[in-house]
Amino acid sequence: LDSPTVFCSGRQGTASYSPDVPGTDLTPLFETIVNYVAPPEGNEELPLSVLVSSVEYSSFVGRIAVGRVETGSIRVNQEVVVCDYHDPEVKGKGKITALYQYDGLAKTPVQEAKMGDIVAFSGIEDITIGNTVCDPARVEAIPFVKISEPTMEMTFSVNDSPFAGREGKFVTSRQLRDRLFRETLKDVSLKVSEMEGATDSFNVAGRGEMSLSILIETMRREGYELQVSPPRVLYQEVDGG
């Protein structure tokens, strides 16, 4: 591989250029990053533009958008416009009510962030991955790879077996419904719909077995008790074929 190699120990907090020479600190790692990783590109003089690359959800503030400031700067209480490269009909207005930067795994509130900073912000209710948040003076969507449609579907339903209620604390259809629809607020590739004629079953479509299995395991660890059907492949007709 034509790339630099640094030997690190997360436990000891050290890095070195050779596996035979113990490091004393993380200076070799930081120097390698500075020397080989290009700085963020952008124009700090232009109005704000942020491409939303991830979405989190909070029961207190709703959706929290995450992205890198591509141009300009972003600040609390700033009026913004939301647009989308793949959907010209997306034209919404909003205000940045809270702004955060990352400090390790934690989010630290800030009043302003500049070009190149990775930020999280709230205040825009229907924000989703791929949207561009920009200044009203320069509404220009940033190109983004379109999120693919779901390819597989499963039926999630309440556990009605003789062993129901023995492993989980969330066992009702209402609890299952609330949890599934809450997942769609942060996973934009997930589609959840209620089944006709069945109040305790839901169709859940995702981008593959892995995404659905991760959701099932996450819910199981959270204390949800449910049963699922075998996965079904979703077919789509393109150009008549």
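In what follows, the structure referred to is the one given above.
Residues numbered from 1 in each chain as written. Predicted model: local features only at pLDDT ≥ 70, side-chain atom pairs only at ≥ 80, totals over all residues. Heavy atoms only, no water.

## Details of the overall build of the chain
Right, on to step 1. Helix and strand content of the chain: three helices and 17 strands.
Right, on to step 2. For the chain, the spread of C-alpha atoms along the three principal axes comes to 60 × 55 × 45 Å.
Right, on to step 3. Counting every position in the chain, which comprises 241 residues, the buried fraction comes to 37%.
Right, on to step 4. Within the chain, contacts between residues at least 6 apart in sequence are counted, and of these 62% link residues at least 24 apart.
Right, on to step 5. When the accessible surface of the chain is split by element, carbon and sulfur atoms take 51% of a total near 15,300 Å². (Helix = DSSP H or I, 4+ residues; strand = E, 2+ residues; numbered from the N terminus. Buried < 20%, exposed > 50% of the residue type's maximum accessible area, 1.4 Å probe, protein only. Contact = heavy atoms within 4.5 Å. Areas by Shrake-Rupley, 256 points an atom, 1.4 Å probe, with all protein chains shown as cover.)

## Regarding the environment of T14
Right, on to step 1. With respect to the secondary-structure elements, T14 resides in strand β2 (residues 14-16).
Right, on to step 2. When the C-alpha atoms of T14 and V192 are compared, they prove to be 46 Å apart, with 178 residues separating the residues in sequence.

## Some remarks on the pattern of salt bridges
Pairs may arise between side chains of opposite charge once their charged atoms sit close together.
Right, on to step 1. Inspection of the entire model under this criterion finds 11 salt bridges.
Right, on to step 2. Salt-bridge contacts for E194 lead to R177; the nearest nitrogen and oxygen are separated by 3.3 Å. Note that E194 is positioned in strand β14 (residues 191-194) and R177 in helix α2 (residues 173-183), a separation of 17 residues in sequence.
Right, on to step 3. Judged by relative accessible area, R177 falls into the partly exposed class, the value being 32%.
Right, on to step 4. Note that E183 and R179 form a salt bridge whose closest N and O atoms lie 2.8 Å from each other. (Salt bridge = Lys/Arg side-chain N within 4 Å of Asp/Glu carboxyl O.)

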